[in-house]
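Close look at the chain arrangement
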Amino acid sequence: MYRLLLLSATLLFSTSLFATDIVVKGAWVREAPPMAKALGGYMVLKNLGNKERRLVSAGARHFDEVMLHRTVIKGDMARMVHQHEVVIPAGGRIEFKAGDYHLMLMRPEKRFVAGDQIEVTLKFKNGEETVVVYKVLKGMSMGNNMNHNHH
Ligand SMILES: [Cu+2]
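Below: a short report on this structure. All residue numbers here refer to positions counted from 1 along the written sequence of the relevant chain. Per-residue local features are limited, in this predicted model, to residues with pLDDT of at least 70; the limit for side-chain atom pairs, both in listing and counting, is 80 or more; totals at the level of whole chains, interfaces and linings are taken over all residues. Excluded from the side-chain calculations are hydrogens and water; all other atoms, namely the structure's heavy atoms, are used.

**Notes on the environment of Val 29**
Relative to the helices and strands, Val 29 is located in strand E1 (residues 22–30). A C-alpha to C-alpha distance of 9.8 Å links Val 29 and Val 133, two positions 104 residues apart in sequence. Note on conventions: DSSP H or I runs of at least 4 residues are helices, E runs of at least 2 residues are strands, and numbering of each starts at the N terminus.

**Digging into the nonpolar core**
For this analysis, a nonpolar core means a set of buried residues of the types Ala, Val, Leu, Ile, Met, Phe, Trp, Tyr and Cys, connected via side-chain atoms within 4.5 Å. Buried, partly exposed and exposed residues are distinguished by accessible area as a fraction of the type maximum, computed with a 1.4 Å probe on protein chains only: under 20%, between the cut-offs, and over 50%, respectively. One finds Leu 103, Leu 105, Ile 118 and Leu 122 to be the most contacted residues of the largest nonpolar core, which totals 29 residues. Excluding residues that lie within four positions of it along the chain, Ile 118 makes contacts with Val 29, Leu 39, Ala 60, Phe 63, Leu 105, Phe 112, Val 132, Val 133, Tyr 134 and Val 136. Counting residues in each nonpolar core, the second largest holds five residues, with Ala 38, Met 67, Met 80 and Met 106 among its members. Here a residue-residue contact requires only that any non-hydrogen atoms of the pair lie within 4.5 Å.

**A look at the coordination of the copper ion**
Each metal's donors are the N, O and S atoms within 2.8 Å of it, or within 3.2 Å when it is Na, K or Ca, and because water is not part of the set, sites may look incomplete. Looking at the copper ion, one finds its protein donor set to be His 69 (ND1), Met 80 (SD), His 102 (NE2) and Met 104 (SD), positioned 2.0 to 2.2 Å from the metal centre. Taken together, the four donor atoms surrounding the copper ion define angles of 90 to 130° at the centre, an arrangement classified as tetrahedral. Sequence positions of the donors to the copper ion reduce to the motif H-x10-M-x21-H-x1-M. With a gap of 24 residues between them, Met 80 in strand E5 (residues 77–82) and Met 104 in strand E8 (residues 101–108) connect regions that are remote in the sequence. Only four donors with every angle between 85 and 135 degrees are called tetrahedral; only four or six donors with opposite donors over 155 degrees apart and all others between 65 and 115 are called square planar or octahedral, in that order; all others are irregular.

Interpretation note: all reported values are geometric properties and have no functional meaning in isolation.
This is the structure:
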């Protein structure tokens, strides 16, 4: 018993030593039709630290590349703009969602369907990298149906 307690105390300690200030919640990728050239990835990034963080790139196995995009609506036109970085303010959060920021997972080698998981490495300007597991889900139809097939 004593040994077990000691072990968990050590684990807690080492976890906090290396803990990142960035927390990623609700990571998912929208299932797309078989020939889709790109998949959209969504999540909430929270910055628990007292310094802003900049997400500068991402990558995933089975995809040519993963881009940072933001959908910008001008009049009736929605278009996706490549982002060189996404700033997460100190103590703030940024939501990646349909019609806003999203990950664009380009040219999948195979089809991913609901229930699959995709590991994406998020890279920050300070050199930090975190690997996040995205669950593939069927897209919910939300009036605003941004589809990415035109990439
Ligand atoms: Cu996009």
